[in-house]
Amino acid sequence: MGGWRNWYQEVVNSKPLFLTIYTTVIVGIVVSSFYVFSAVYSSSSPSTDSSNWLSSPPLSIADSSNINQAPNFSQHTMTMGTMPPPASQLQSTGLKPIWEVPKTKKMPPLKTFQLSKELVEQRVKDNVIIMTFGNFAFMDFILTWVKHLTDLGISNLLIGAMDTKLVEALYWKGVPVFDMGSHLSTIDVGWGSPTFHKMGREKAILIDSVLPFGYELLMCDTDMVWLKNPLPYLARYPDADILTSSDQVVPTVVDDRLDIWQQVAASYNVGIFHWRPTDSAKKLAKEWKEMLLADDKIWDQNGFNDLIRRQLGPSVDGDSELAYAYDGNLKLGVLPASIFCSGHTYFVQAMYQQLRLEPYAVHTTFQYAGTEGKRHRLREGMFFYDPPEYYDAPGGFLSFKPSIPKSLLLDGKHTVESHFSLINYQIKQIRTALAIASLLNRTLVMPPLWCRLDRLWFPHPGVLVGSLTRQPFICPLDHVFEVNTMLKELAPEEFGHGIRIREYSFFDNPSMPQQVKDSWLEVQLCQEGTGDCHASSNTTQLGVLKFPKHSSEETLKTVFSSFKDVKVVQFSSMQDAFQGFTDKTIEEKFKRRVKRYVGIWCCVDNHTPGHIYYDMYWDEKPDWKPLPPQTPEDDHPPW
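Residues numbered from 1 in each chain as written. Predicted model: local features only at pLDDT ≥ 70, side-chain atom pairs only at ≥ 80, totals over all residues. Heavy atoms only, no water.

An unreviewed UniProt entry lists the protein chain under the name Nucleotide-diphospho-sugar transferase domain-containing protein, from Acer negundo.

Draft legend 1. The arrangement of the sheet that holds strand β2 (residues 157-161) in detail. Across the sheet, nine strands lie side by side as β3-β2-β1-β4-β7-β6-β10-β9-β8; this open sheet has mixed pairing. With one partner strand each, in any of the chains shown, β3 (177-179) and β8 (312-315) form the two edges of the open sheet. Going across the sheet, the axis of each strand differs from the next one's by a mean of 35°, ignoring polarity. As defined by bridge partners, β2 adjoins β3 across three bridges and the pair is classed as parallel. By the bridge assignment, G160 is partnered in β3 with F178. Strand contacts of helix α7 (residues 164-172): β1 (128-134), β2 and β3, with the helix running at about 160° to β3, the strand carrying the most contacts. (Pairing = 2+ DSSP bridges. Helix = DSSP H or I, 4+ residues; strand = E, 2+ residues; numbered from the N terminus. Axes fitted to C-alpha atoms, helices over the stretch in contact; angles between N-to-C directions. Contact = heavy atoms within 4.5 Å.)

Draft legend 2. Layout of the packing of aromatic side chains. All chains considered together, the criterion is met by 35 aromatic pairs. Between F420 and W624, the aromatic rings sit 5.8 Å apart at their centres with planes inclined by 45°, giving tilted as the arrangement. Taken together, the residues F420 in helix α16 (residues 416-440) and W624 in the segment after β22 (612-613) connect sequence positions 204 residues apart. Here the aromatic cluster, defined as three or more aromatic residues joined through ring pairs, consists of Y390, Y391, F397, F506, F507 and W520. The ring of Y390 has R502 lying over it, and the distance from NZ or CZ to the ring centre is 3.9 Å. Over the ring of W639 we find R596; its NZ or CZ atom is 4.0 Å from the centre of that ring. (Phe/Tyr/Trp six-rings, centres within 6.5 Å; stacked < 30°, edge-to-face > 60°. Lys NZ or Arg CZ within 6 Å of the ring centre and 35° of its normal.)

Draft legend 3. Structural context of the pattern of salt bridges. One pass over the structure, following the stated rule, counts 24 salt bridges. Linking E372 and R375 is a salt bridge whose minimum nitrogen-to-oxygen distance equals 3.1 Å. With E372 and R375 both in helix α14 (residues 370-380) and three residues apart, the pair spans about one turn of that helix. Residues participating in the shared-partner salt-bridge network are D140, E372 and R375. (Salt bridge = Lys/Arg side-chain N within 4 Å of Asp/Glu carboxyl O.)

Draft legend 4. Region of interest: the sheet that holds strand β12 (residues 361-363). Pairing in this open sheet of three strands is mixed, and the strands run β5-β12-β11 from one edge to the other. Every other strand in the sheet has two partners, leaving β5 (224-226) and β11 (340-341) as the edge strands with one partner each.

Draft legend 5. Up close: helix α20 (residues 553-560). Listed as buried for α20 are E553, L556, V559 and F560. The arc that holds the buried residues of α20, viewed along the axis, is 150°, so those residues lie on one side. Elements that come into contact with the buried residues of α20 comprise α16, β18 (520-526), β19 (544-548) and β20 (568-571). (Buried < 20%, exposed > 50% of the residue type's maximum accessible area, 1.4 Å probe, protein only. Arc of directions from axis to C-beta.)

Draft legend 6. View of the packing of α16 against α20. Put simply, α16 and α20 touch, their axes get as near as 10 Å, and they point 55° apart. Accordingly, the angle class assigned to the pair α16 and α20 is oblique. Crossing of α16 against α20: the hand is right-handed. Between α16, through I436, L439 and L440, and α20, the contact on the second element is made entirely by E553, L556, K557 and F560. (Parallel < 35°, antiparallel > 145°, perpendicular 65-115°, else oblique. Left-handed = near helix turned anticlockwise from the far one by under 90°.)

Written out as structure tokens, the structure reads:
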């Protein structure tokens with residue numbers, strides 16, 4: 001109100017001419033607003049329903065039964081970030097508002113989505129376009145990627161669709177899209193597959209196609225998210241032809257300057273890089289594309305590194321953070337790995353935290369368990385946008401406090417043996433929690449997982465030398481568990497009923513609805529026969545239940561059937577919480593399932609193979625030790 005008073009006083013004190021101008025402006029705003037609201041509310045099309053900001057309107061190109069598999073996010077998801085900028089604000093930049101659902105019910109012809117300079121020009125701002133691309137299997141990643149940018153107030157973006165199914169799905173959600181004409185499969189292709197390499201070639205083709213339009217291009221993979229507007233940072237280096245991210249895990253700087261190029265020993269990563277439309281950059285893009293098209297076995301990132309390192313150095317000048325590369329004319333900068341984070345510098349080292357810096361981006365590299373592992377990493381970081389039902393699953397949730405002894409976390413040296421002692425302690429509790437979750441038909445919220453040693457693809461001394469990895473550290477779930485197997489549909493006749501899981505940060509997520517937070521039962525394990533400890537559904541105080549240790553399957557089912565409407569049941573511990581299954585057939589199926597849930601630790605030096613299998617039932621083998629397979633015949637999971 002103070003702002004309005006100041007404005008009014010300014011008008012009163014103004015000369016008559018200015019008073020007339022102010023009055024004219026106000027009248028214009030009122031009239032314009034009337035027409036805007038009339039247009040909005042006069043439409044009866046369901047596509048204008050503001051309560052379903054990411055829902056899919058009618059279809060025409062793709063079959064509706066397939067399109068409906070896309071995540072159907074509701075407005076509730078907006079609580080994870082700020083609302084998109086007002087339409088008037090976006091229109092002032094010349095960009096069509098993102099998430100504005102088309103008012104028509106008919107899909108435009110596919111040819112209108114072909115890549116052209118005119119199409120890109122519609123989205124460009126300050127001569128910059130931001131792009132990612134993918135197929136329909138990565139729809140939820142793409143929507144997450146777009147949502148992070150629009151929450152930052154960035155709208156000069158454009159999505160390349162590798163199949164027509166994605167073209168249509170994004171169009172109906174109001175996300176700017178173009179057809180790459182790739183005719184790629186709509187399913188997840190998997191890392192390293194021939195189709196994966198085809199996607200890499202498409203990236204080079206796309207960059208080579210866009211640069212001649214004359215715009216700067218920030219090209220990104222879909223398995224990353226933006227946490228801070230990168231455009232002002234990139235603008236600090238106007239002389240750079242290319243600014244690229246890297247797989248560097250050892251910091252070369254402790255502030256937000258570019259990494260010192262002479263000290264970057266790791267590969268440049270093509271998941272985040274910024275191209276300016278200079279002659280050298282266009283020359284590189286063309287040669288990179290031709291290299292990949294000539295040999296479909298070359299990984300796009302390896303090809304890029306081979307070309308750009310053909311000549312590397314010297315520095316552009318004495319004070320420059322840029323280096324000459326490729327043909328001796330191209331000016332290259334390496335984005336700092338501390339704030340343009342890889343999966344290692346963010347999720348393992350938390351390098352940005354230790355250096356007291358603000359991260360710009362997180363890319364899910366250095367990660368295991370395929371696409372499901374990437375999705376789970378982003379969920380652990382509370383970066384992934386899931387539909388509301390993800391946070392209020394049928395049957396409710398089960399969680400527990402892991403209560404790890406200090407000695408397992410901190411005492412002694414960080415060795416393979418001490419690492420496995422710590423992990424095995426946690427595995428045993430998680431195994432019990434999985435059993436109880438299956439009995440109660442609840443979704444298990446995984447606890448934070450503590451590790452002493454890092455996991456990599458090659459022999460290492462526990463942590464990478466020169467990195468900022470602290471020991472112990474909360475490690476991503478995919479360091480120990482096969483997340484893709486945990487989320488996979490396994491045949492119930494062989495593996496019993498499925499067990500749903502959620503990430504350890506689940507209850508901290510801003511998208512968690514209040515009705516779930518308010519429906520909570522604390523279960524305190526106790527020794528039966530002591531005090532008021534007995535198998536009963538009577539709570540000793542509001543929201544607290546005393547429950548005996550070593551309870552049977554029947555006791556668990558009977559007691560907790562009284563709490564089936566409670567959203568969250570949290571155990572004080574899983575130590576000795578469950579006596580075991582009564583039905584041996586059910587127990588055998590459960591064992592068969594959860595044995596497949598754990599993966600490997602890698603890698604022991606001076607031994608082939610160097611990996612060691614985690615074992616869900618390690619405690620049932622008195623002579624179990626964390627040793628790699630001694631022969632090729634022994635090299636198989638413990639099931």
